Amino acid sequence: MGLTLAEKILKLHTIDGEFTKGKEIGIRIDQTLTQDATGTMAYLEFEAIAIPRVKTERSVAYVDHNTLQSGFENADDHLFIGSAAKKFGVYYSRPGNGICHQVHLERFGIPGKTLLGSDSHTPTGGGIGMIAIGAGGLDVAVAMGGGAYYITYPKIVNVKLTGKLPGWVSAKDVILEVLRILTVKGGVGKIIEYTGEGVKTLSVPERATITNMGAELGATTSIFPSDDITKDFLKKEGREADWVELKADDDAVYDETIEIDLSQLKPLAACPHSPDNIKSAEEIGKIKVDQVCIGSCTNSSLYDMMKVAHILKGKTVHPEVQLSIAPGSKQVLHMLSENGLLADMIDAGARILESACGPCIGMGQSPNSAGVSLRTFNRNFLGRSGTKDGQVYLVSPETAALSAINGYFSDPRDLGAQPEFALPEKFDINDNMITIPADEETAKALEIKRGPNIKPYPKTAPLAETITAEVSLKVGDNITTDHIMPAGAKILPLRSNIPAISKHCFVVCDETFPERAEAMGDNIIIGGVNYGQGSSREHAALAPLYLGVKAVIVKSFARIHRANLINAGILPLEFVNEADYDKISQGDILELPGIVGAVKSGKSVFTLVNKTKNESYSVKCELSARNSEIMAAGGLLDFTRLQLAK
Ligand code: MIC
Ligand code: SF4
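Bear in mind that the values here come from a model prediction, so they are computed numbers and not experimental data.

Description of the side chain of Thr480
With respect to the helices and strands, the residue Thr480 is situated in the loop between strand E21 (467–474) and helix H15 (481–484). Once residues lying within four places of it in the same chain are set aside, the contact partners of Thr480 are Phe381 and Gln533.

Structure (structure tokens):
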């Protein structure tokens, strides 16, 4: 039986466990990336593990999220990361060099390699045939130290593409269509593999848009084959030597197949407030638009910018619209400035932002009250833009640019025939904003620079024999990490300070939560389906840990968040009977008796006693042998320390 492309790469990298569907496998990680919002914690954790130098083939630290520097905190974080990178053997991409995923694709990604990144959109690397996975900072720290990364051998979904996209219909519309079919929880436990004749019609930047936003499916990762188009992209980057041909075996067997005829697709949008709330441009109609933002790791390549500049050329942004554009990297920005396209954007009235995440993570450019904001980004969760009642639509760069001119939601097909947008023969290559780490000898004497906002990892404790705790919060379905641990300009600077950031935990749902939970001591959270979807931020587990949360009991979890809870030593439990969710109220006192013994003996179903209501329910937690030990130890950091001590 043949293998799919994802399976071929996974098989070559499996260093622990049994290579069988549904079983846990430990894979060797060739490359890691961190960004600054998760990176400070990751390097603090790496330091705590006490391995002097990274053991990967390539590790890169990017600064792209917290670049506003409205106080000393962001700048201190940059100094910390830069100095830690230099000491630990990590390449450092300085602020201004661009968004981690865009730069990594340009300068470091290699087909067939594994990449683990402390950012959920790491699967962007799947656009050039990598197995690129997003994870919490602690998992990345362990991988930097040479440890395996553990996943459940996923199901592989074949998205078979046929045909060719019609004019002005975009790669963004392809992934929006996949989101329409599979929804934000349809990819959990799966890898999405793109195959079929249609693949050959998509350039690398287009493929990367699709794999990037595969994160919104909840998928482990997404991957395209590595073919002549990949080779050409790497050649333009001066890295042809990194190319290898990679594809699935002809007789590969997939768990599921979805067929998409590219020629039948139309411009789509994800409507407020979920990436799977998909409607066509026709269904949405010509609604008034207040703001348009173009950029983010999903749509900020030169190819995207060329299309945008073409639409803006010689026009003026509508008087009632604000347009901002953030090219994804210094490389892209440089090429736009050389070929004159930047001038077309500026002349049209676009506000050019630095090459960073910016508005995507709420660092500026929040829309006006109840304002309609069209964004080429990947997430439109409630409040993420920084405006609670902002109405964010996720669209293609083509739809965004034309709507900015017209002042209303526009169908880019109204532009008539689409011209060819050919990428240049060679990209601008200048790695002067990437600092090379110090050699091992010099590194020994280097000091890590630590500002006053940088606080250590919160205290952990081994799992208690019996957990008795009050329900501090009960929430509904599809809770995102932006609910649990919001980002934005006010909160992001606190990413290196868990006690301070904890004061903002869950405030989107309940402003009194942080104070109440902390006062309770031990407490438990109750949630619905797909709990913890979205970001890889381990702060969504570390802040609850700091606030005394001992267990989170839900109908189902998103993958990365569940792993982050285990890493933090918080029990992730699921209801055996979903209806039991309705029987528990906020304020109830719950008890989990004999939990350590149960976890250690490999049991997966436990008794949950509701002392307030005098009832008992069954809850489950399927833990691999390794995860059981991690839970019992009080989290991955303590587990790793114990392992190393042995
Ligand atoms: C996001 O898009 O939500 C982020 C900000 O990039 C996060 C990481 C973070 O919270 O720092 C992600 O996607 O993992
Ligand atoms: Fe940055 Fe937005 Fe991409 Fe996250 S999704 S890495 S915030 S650009």
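What about the sheet that holds strand E22 (residues 523–526)?
Spatial strand order, E21-E22-E23-E24-E27-E26-E25: 7 strands in a closed barrel with mixed pairing. Across the sheet, the mean angle from the axis of one strand to that of its neighbour is 40°, orientation sign disregarded. The sheet contact formed by strand E26 (residues 605–610) and strand E27 (residues 615–620) spans 6 bridges and is antiparallel. By the bridge assignment for E27, Phe606 is matched with Val619. Packing against the sheet, helix H17 (residues 513–520) makes contact with E21, E22 and strand E23 (549–554), and its axis sits at approximately 170° to E21.

Structural notes on the packing of helix H11 (residues 330–338) against helix H12 (residues 341–348)
Put simply, H11 and H12 touch, their axes get as near as 5 Å, and they point 85° apart. Put simply, H11 runs roughly perpendicular to H12. Residues Leu333, Leu336 and Ser337 of H11 touch H12, and the partners they reach there are Leu341, Leu342 and Met345. Taken together, the residues of the contact of H11 with H12 break down into 5 nonpolar, 1 polar and no charged.

Some words on the environment of Gln331
Considering the arrangement of structural elements, one finds Gln331 in helix H11. Classification of Gln331 by relative accessible area gives buried; the value is 7%. Sequence separation between Gln331 and Leu353 is 22 residues; the distance between their C-alpha atoms is 15 Å.

Quick notes on the rules
Residues numbered from 1 in each chain as written. Chains lettered and ligands numbered in written order. Predicted model: local features only at pLDDT ≥ 70, side-chain atom pairs only at ≥ 80, totals over all residues. Heavy atoms only, no water. Helix = DSSP H or I, 4+ residues; strand = E, 2+ residues; numbered from the N terminus. Contact = heavy atoms within 4.5 Å. Pairing = 2+ DSSP bridges. Axes fitted to C-alpha atoms, helices over the stretch in contact; angles between N-to-C directions. Parallel < 35°, antiparallel > 145°, perpendicular 65-115°, else oblique. Nonpolar A, V, L, I, M, F, W, Y, C, P; charged D, E, K, R; others polar. Buried < 20%, exposed > 50% of the residue type's maximum accessible area, 1.4 Å probe, protein only.

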